[in-house]
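Per-entry structural report
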Amino acid sequence: MLTIGIDDTDSERSLCTTYLAAVLMERLGAVGEVEDLPRLVRLNPCAPFKTRGNAAVAFALRSDRTEEVEEIALQTLIELSDLAGENTNPGLVVAETVTPEMRGFYRRAVTEILEIDEARKMLQEHGIWHRGFKKGRGLIGALAAVGSAFEDHTFELIHYRYRDRWGTPRSIDEPSVWRADSQTYPGTWDTVDMGSRRVVFSPHSPDPILFGIRGEDIGAIEMAASIIESEPAERRVLYITNQGTDSQMLPGEMGDLCDDRSYRLRGTVASNPCAIAGGHLFFDLASNGARLECAAFEPTKGFRDIVKRLMPGDLLEVYGAVRGGALNLEKMEVIALAERLEWNAPVCPTCKRRMKSAGKEQGYRCRRCRTSGERESRALPREIETGLYEVPPSARRHLTKPLIRYEGECVHPSR
Ligand code: ATP
């Protein structure tokens, strides 16, 4: 059994690694048989050189014609990579076995930032056939994709455009997309964004992707595809993927976090949320004597309305990537709410009027009745409930587990 991994073949102006893999799988049908579903592997969303969503692809091929497989893969990669792209550094890996070290490399590529030399060293030590072009950075993603094993998974069905349409506006009937969403959600998700009334399952870039339908239920995904009316697709591929699984999230402790990694951690809100120009929102979270700035940026839209209602003392579990020392919120669980108190002068038990202050730290007195008392508190309602909240589909990270995949009552999915 061969496992083929590919990465970093596209650029912002053209092509797509998943398309290359789709064409390659078809061509390799002449010398072998693709086993299982191909894997759409998302890697660390903080990787510095990603074009879009830091995706790589791997698939298993049953074949005993290894040299021909390598040759076809190499020719297809050369033909369908944007080698002139400034940041395009393709990597191709064909492995005969997948070792525990390669599995570990995948885990680290999802959670950490790795160096090209580390990928090259592992490929050499394991004697794995590979080709890297230009800087060869794609070898990181290609090797990680080959080593990938998903503890949890979802699916994405991608439709690709005919070549003569690349770069032209996509012809997709929007009402049919909304119908597909309403008939298949929650079996599918992230097709539309209700808050902004936008269709979000289709890119606007000049790449070959027509649209991608995400979900956990293959039947629902296929049903959505049958409802959507669009220009004809040249081909379609169903991928198994680590999208929507939180694979990038590390359990974190405040005071011990690294930039460019994603964490799940607990703390208490330590400052009132504060908005800056541009609509970005910030507050501090504290735990074990350490503080961490948390940010809900403008693109997280309605999620900020929830964040705004937090107050010091609220206990949270936050999820997000740490960049420049601050955590960019993607999701949060409000575990416990602090009491919001209103303080008033006490009421005189005799005349039922409010007492007056008797001076600094001297309590309150009713001058008429000569009674005295201490100020009284009253709990005000909080305009937020405990439970899980997330950013809307338009701001979602591919890897982050959407709340629609959670069970329980205190879950507030953003659709
Ligand atoms: P697309 O989503 O359109 O396929 P992309 O966002 O996946 O594009 P790439 O063009 O594949 O972007 O570029 C990402 C680059 O970062 C690749 O060279 C890949 O090998 C590398 N990379 C992936 N994960 C890591 C990581 N954890 N550390 C360092 N480099 C990484």
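Higher on the page you've got the structure.
Residues numbered from 1 in each chain as written. Predicted model: local features only at pLDDT ≥ 70, side-chain atom pairs only at ≥ 80, totals over all residues. Heavy atoms only, no water.

Right, let's talk about the overall build of the protein chain for a bit. Each helix and strand counted, the protein chain has 8 helices and 25 strands in total. Oriented by its inertia axes, the alpha-carbon framework of the protein chain measures out at about 100 × 50 × 35 Å. A burial count over the protein chain gives 52% of its 415 residues as buried. Taking the contacts inside the protein chain whose residues are at least 6 apart along the sequence as the reference set, 70% of them involve residues at least 24 apart. With an accessible surface of roughly 19300 Å², the protein chain has 47% of that area assigned to carbon and sulfur atoms. Measuring between centres, the 55 positive side-chain charges of the protein chain sit 10 Å from its 62 negative side-chain charges. (Helix = DSSP H or I, 4+ residues; strand = E, 2+ residues; numbered from the N terminus. Buried < 20%, exposed > 50% of the residue type's maximum accessible area, 1.4 Å probe, protein only. Contact = heavy atoms within 4.5 Å. Areas by Shrake-Rupley, 256 points an atom, 1.4 Å probe, with all protein chains shown as cover. Lys, Arg positive; Asp, Glu negative; His and termini not counted. Charge placed at Lys NZ, Arg CZ, Asp CG, Glu CD.)

Looking at the element boundaries, alanine 142 is found in helix α5 (residues 138-147). For alanine 142, a relative accessible area of 0% corresponds to the buried category. Along the sequence, alanine 142 and alanine 56 sit 86 residues apart, while their C-alpha atoms lie 6.3 Å from each other.

Tyrosine 185 connects to proline 186 through a cis peptide bond whose omega is 10°. You can see proline 186 is positioned in the loop between α6 (174-184) and β7 (188-189). Phi at lysine 134 takes a positive value of approximately 55°, unusual for a residue other than glycine.

Let us now look at the packing of aromatic side chains. The tally for this structure, following the rule as stated, stands at 5 aromatic pairs. Their ring planes at 90° and their centres at 5.8 Å tell us that phenylalanine 282 and phenylalanine 297 sit as a pair that is edge-to-face. On the criterion of sequence distance, the pair formed by phenylalanine 282 in strand β15 (residues 280-287) and phenylalanine 297 in the loop between β16 (290-296) and α8 (303-307) is long-range, its members being 15 residues apart. The exposure class of phenylalanine 297 is partly exposed, given its relative accessible area of 29%. Pairwise contacts between aromatic rings join Tyr19, Tyr160 and Trp166 into one cluster. It is arginine 197 that lies over the ring of tryptophan 178; its NZ or CZ is 4.2 Å from the centre. A cation over a ring is seen here: lysine 331 above tyrosine 319, with NZ or CZ 4.6 Å from the ring centre. (Phe/Tyr/Trp six-rings, centres within 6.5 Å; stacked < 30°, edge-to-face > 60°. Lys NZ or Arg CZ within 6 Å of the ring centre and 35° of its normal.)

Okay, the pairing of strand β6 (residues 154-161) next. For β6, a buried count of 8 out of 8 residues is recorded, marking the element as mostly surrounded by other parts of the structure. Burial along β6 is two-sided: Thr154, Glu156, Ile158 and Tyr160 facing one way and Phe155, Leu157, His159 and Arg161 facing the other are all buried. Across 8 bridges, β6 lies against strand β11 (residues 233-241) in antiparallel orientation. Within β11, the position partnered with histidine 159 by the bridge is arginine 236. (Pairing = 2+ DSSP bridges.)

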